[in-house]
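The chain contents come next:
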Amino acid sequence: MRCLVMEDFGRMAVAEVADPKVTAGHVVIDVVATGICGSDLHGYTGENGRRKPGQVMGHESVGRIRALGDGVEGIEVGATVTFNPLVVPAAERPLYRGREQHAPGRSVIGVNPSVRAAFAEQVVVPAENVVPLPDSVPITWGALVEPLAVAVNVVRRVAVTAEDTVLVIGGGPIGQSCVLAAQHAGATSVYVSEPSASRRALCEQLGAVPLQPGEPVEEQVRALNGGPVTVAIDAVGITATIQDALRATVAGGRVGLVGMGAPVTELQTYEVSTLERTITGSFCYSDEVFRAAAAWVADGSTDFSALISEEVPLAEGPDAFARLAAGADIPGKVLVRLDR
Ligand SMILES: [Zn+2]
């Protein structure tokens, strides 16, 4: 089979490798499409140190079951599936049920360098990580379940309801997913702070109100919303955006921190203490949240098409990585098609 190998930082290549063998409790998936994540890009450039040369990445994926390992039941060859890339050792599963992302022994398919992940024509995953999808929605939407699960998790963590007005900071693929997840949770007024014009336009297409870049976020939110919002979701995660998130929210407001822009930031502590705001961290998703995101995609109630900007064949995968790393103006997700 063919796959996309990160030969070195900044260098991706198409390679021919042996087909993987199915093992007990696992399935082999014929991959149809895998999304390029911001974390893949930062791994590719070497920035985040979370990817290693020689690795085959890819954790946002959809495909069809090719083979079942011994003991696998309840799923059929040919079924359309996505998979939850978060793998929890069996011994930790009972204790971390409902919060699998906290399990100390967790690993992530596509991050773990010793696992050949989904930028490949075939991928092997544990059967319990597989989530079936109906054929009634476009198959490529299955590759969006993972980033949507990240968004569903933060939206749930800050408990967005129809009573809330929401500011999303960062209008990239995760911010876009947060816009849709906040709307899905009932929020009707969602504002987005994002410097890129094409991303602002995409967020507007999704029904959010884009703020003007270069103008103070807090004042714009107050003017457009008739006062501060009740919830802000920071999908960037640097000092300036956390400050914007705090200052744009009401006293008692909730700030969800899902962006990982900087490991250390400067916090305006009085903005938290004196106004009794809450900052809530959010990372990945539980198994239940991942399945909820898949069910949302499967129910056909939301059109996710706008989230996908490009689909490139495997042979053009290296070029897609190079373009994205060079800052190409691509508003939404780039999917690598492994079936082309
Ligand atoms: Zn991702």
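The rules behind each value
- All residue numbers refer to position in the chain's written sequence, counted from 1.
- Only residues with pLDDT of at least 70 are given local features in this predicted model, and only at 80 or more are side-chain atom pairs given and counted; all residues enter the totals for whole chains, interfaces and linings.
- The basis for the side-chain values is all heavy atoms of the structure; hydrogens and waters are excluded.
- Note that water is not among the atoms considered, so a metal site may appear incomplete; the donors listed are N, O and S atoms within 2.8 Å of the metal, with 3.2 Å applied to Na, K and Ca.
- Secondary structure elements follow DSSP: runs of H or I no shorter than four residues count as helices, runs of E no shorter than two count as strands, and numbering proceeds from the N terminus.
- By this definition, two strands are paired if DSSP reports at least two bridges between them.
- Each domain's limits were defined by an automated method or a database of domain assignments.
- In what follows, residue pairs with any heavy atoms lying within 4.5 Å of each other are defined as contacts.
- Once two parts are brought into contact, the accessible area they lose, counted with a 1.4 Å probe and summed over both, makes up the buried area.
- The salt bridge criterion pairs a side-chain nitrogen of Lys or Arg with a carboxyl oxygen of Asp or Glu, the two atoms within 4 Å.
- Burial classes follow relative accessibility: with a 1.4 Å probe on protein chains only, a residue under 20% of its type's maximum area counts as buried, one over 50% as exposed, and anything between as partly exposed.
- Directions from the helix axis toward the C-beta atoms define the arc.

Novice: Hey, could you run me through the coordination of the zinc ion in this one?
Specialist: The textbook angles at a metal center are 109.5 degrees for a tetrahedron of four donors and 90 or 180 degrees for an octahedron of six. Taken together, the protein ligands of the zinc ion are Cys37 (SG), His59 (NE2) and Glu60 (OE), with distances of 2.2 to 2.4 Å. Sequence spacing of the donor residues for the zinc ion, all on one chain, is C-x21-H-E. With Cys37 in the loop between strand S3 (26–35) and helix H1 (38–45) and Glu60 in the loop between H1 and strand S4 (61–68), this residue pair connects regions lying 23 residues apart in the sequence.

Novice: How should I be thinking about the sheet that holds strand S14 (residues 249–257) in this particular structure?
Specialist: What holds strands together in a sheet is hydrogen bonding between their backbones, with the strands either parallel or antiparallel. As summarised here, the arrangement of the 6 strands in space is S12-S11-S10-S13-S14-S15, forming an open sheet in which the pairing is parallel. Each edge of the open sheet carries a strand with a single partner, namely strand S12 (209–210) and strand S15 (278–281). With 5 bridges joining them, strand S13 (residues 229–234) and S14 adopt parallel strand pairing. Considered in S14, the bridge of Val231 is made with Arg254.

Novice: Before we go on, may I ask you to explain the domain arrangement of the protein in this structure?
Specialist: A common way to express how large an interface is: the accessible area buried when the components associate. Split into domains, the protein comes out as domain 1 (2–136 + 300–337) and domain 2 (148–281). Relative to domain 2, the C-alpha centre of domain 1 lies at a distance of 28 Å. With 12 residues of domain 1 in contact, the opposing surface of domain 2 contributes 13 residues. On the domain 1 side of the interface with domain 2, the three residues burying the most area are Ala306, Leu307 and Pro331, jointly 51% of the side's total. For the pair domain 1 and domain 2, the number of links is 0 salt bridges.

Novice: Can you help me understand helix H5 (residues 217–225) in this one?
Specialist: Every α-helix winds through 3.6 residues per turn, so residues three or four apart in the chain are directed the same way. Buried residues of H5: Val217, Glu218, Gln220, Val221 and Asn225, and no others. Viewed end-on, H5 has its buried residues packed into an arc of 165 degrees, placing them on one side of the element. Looking at the packing, one finds that the buried side of H5 touches strand S10 (165–169), strand S11 (189–193), S13 and helix H6 (239–247).

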